[in-house]
Amino acid sequence: MSNTKPTTLESKFKGSIIAVSIIIPIAVAVLFSVKLKDFGFDVEPLSFLPPIYAGINGLTAVLLVAAVMAIKKGNRKLHERLMTFAIACSVVFLVMYVAYHMTAESAKFGDTNFDGRLDEVEKAAAGSIRYLYYFILLTHIALSVIIIPMVLFTYVRALAEQFDKHKKIAKITFPIWLYVAVTGVVVYLMISPYYVH
């Protein structure tokens, strides 16, 4: 009986996980392009949100590392609580991210707005930083889409007490999720000078 429970639980959530993993990126992309002012809502840009949701990304990274340390010490209950909190942080981040972009224009990385005072070496350095920024941003976005089903399957396998399968996928999920969380902070720090306040 206990051998069939994990398979049943994972099978039960498989369709929902796949659906959520498709719906979330599409919904975010659509909502990202929607501005509330275009629909007659007189709302001020929620310009205070980016540092908050960047901080939530940072907190998520800390929670992930703490959760791994907890499970390595054999503290399964603490591990479970930390991972649940990390998932909750990711949901809060997503809500704030969408809310900001529905009320404000996206910040553009502005290091190419040269005013003629930069010499060739400074221009080359600024261009390199721009390429680095876009590399980090694009990998962050791509992996943030990929990580959704991975986190959900990893979590469901733990709930189903399929700990061997959970551990196997968690070894892949953890570094990707950590990268997404850390690069979320890095992207904010790199773009923050160009936010319109």
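See the structure above.
Small disclaimer: the values here were computed from a predicted structure and weren't measured.

> Requested: an account of the nonpolar core, with residues and values cited.
Ranked by internal contacts, the top residues of the largest apolar core, which has 20 residues, are Y53, I147 and W177. Those elements that place two or more of their residues in this core are α2 (49-72), α3 (76-103), α4 (120-159) and α5 (163-191).

> Quick one: what's the story with the packing of α2 against α3, residue by residue and with numbers?
Put simply, α2 and α3 touch, their axes get as near as 8 Å, and they point 165° apart. Classified by the angle their axes make, α2 and α3 are roughly antiparallel. Our pair here, α2 against α3, has a crossing hand that is left-handed. When the residues that make up the contact of α2 with α3 are grouped by side-chain class, the tally is 25 nonpolar, five polar and one charged.

> Talk me through the packing of aromatic side chains; I want residue IDs and the actual numbers.
If you walk through the whole model with that rule in mind, you get five aromatic pairs. Aromatic side chains Y53 and Y97 sit 5.6 Å apart centroid to centroid with 70° between the ring planes, which places their arrangement in the edge-to-face category. Separated by 44 residues along the polypeptide, Y53 in helix α2 and Y97 in helix α3 bring together distant segments of the chain. Its relative accessible area of 6% is what places Y53 among the buried residues. The exposure class assigned to Y97 is partly exposed, which follows from its relative accessible area of 22%.

> Describe the layout of surface pockets, listing the residues and the values that go with them.
In this approach the atoms are scanned with a rolling probe the size of a water molecule, which exposes any empty space left behind. Of the volumes computed, that of the largest pocket is approximately 1,200 Å³. What lines the largest pocket is a set of 45 residues, and nearest its centre among them are F93, L94, Y97, H140 and S144. Of all the secondary structure elements, the ones that give two or more residues to the lining of the largest pocket are α1 (4-33), α2, α3, α4 and α5. Of the residues assigned to the lining of the largest pocket, the class counts are 36 nonpolar, eight polar and one charged. Roughly 690 Å³ of internal volume is contained in the second largest pocket. I71, H79, H166, K167 and A170 are, among the 23 residues lining the second largest pocket, the residues nearest its centre. Sorting the residues of the lining of the second largest pocket by element identifies α2, α3, α4 and α5 as the ones contributing at least two each. Here the lining of the second largest pocket takes eight residues from α5, the largest share from any one element. Partitioned by chemical class, the residues of the lining of the second largest pocket number 13 nonpolar, four polar and six charged.

> Outline the packing of α3 against α5, listing residues and values.
Viewed as axis vectors pointing N to C, α3 and α5 meet at an angle of 45°, and their least axial separation amounts to 14 Å. The angle between the axes of α3 and α5 places the two elements in the oblique class. Relative to α5, α3 is oriented so that their crossing is left-handed. Each of R76, H79, M83, A86, I87 and S90 in α3 lies in contact with α5, whose residues at this interface are F163, H166 and W177.

> Report on the side chain of N57, specifying residues and quantitative values.
Tracing the backbone shows N57 in helix α2. Residue N57 is classed as buried on the basis of its relative accessible area, which comes to 8%. In this structure N57 touches F93, A181, G184 and V185, once residues within four positions along its chain are discounted.

> Can you tell me about the environment of A54, naming the residues and giving the values?
Locating A54 in the fold gives a position in helix α2. Each C-alpha atom of the pair A54 and F93 lies 8.0 Å from the other, and the pair is 39 residues apart in sequence.

> How would you sum up a nonpolar patch on the surface? Please name residues and give values.
On the surface, a cluster of nonpolar side chains totalling about 360 Å² of accessible area is made up of I18, I22, I26 and V30. By the secondary structure assignment, I26 is in helix α1.

> Tell me about unusual backbone geometry, residues and numbers included.
Unusually for a residue other than glycine, E161 sits at a positive phi of about 60°. Structurally, E161 is set in the loop between α4 and α5. Accessibility expressed as a relative area gives 52% for E161, which makes it exposed.

Rules and cut-offs
Residues numbered from 1 in each chain as written. Predicted model: local features only at pLDDT ≥ 70, side-chain atom pairs only at ≥ 80, totals over all residues. Heavy atoms only, no water. Core = buried A, V, L, I, M, F, W, Y, C linked by side-chain atoms within 4.5 Å. Buried < 20%, exposed > 50% of the residue type's maximum accessible area, 1.4 Å probe, protein only. Helix = DSSP H or I, 4+ residues; strand = E, 2+ residues; numbered from the N terminus. Axes fitted to C-alpha atoms, helices over the stretch in contact; angles between N-to-C directions. Parallel < 35°, antiparallel > 145°, perpendicular 65-115°, else oblique. Left-handed = near helix turned anticlockwise from the far one by under 90°. Nonpolar A, V, L, I, M, F, W, Y, C, P; charged D, E, K, R; others polar. Phe/Tyr/Trp six-rings, centres within 6.5 Å; stacked < 30°, edge-to-face > 60°. 1 Å grid on protein atoms, 1.4 Å probe; cavity = no way out; pocket = protein on both sides within 12 Å on 5 of 7 lines; lining within 4 Å. Points joined across faces, edges and corners; volume = space filled by probe spheres on them. Contact = heavy atoms within 4.5 Å. Patch = residues over 30% accessible without salt bridge, like charges linked within 9 Å, V, L, I, M, F, W, Y side chains within 5 Å. Areas by Shrake-Rupley, 256 points an atom, 1.4 Å probe, with all protein chains shown as cover. Salt bridge = Lys/Arg side-chain N within 4 Å of Asp/Glu carboxyl O.

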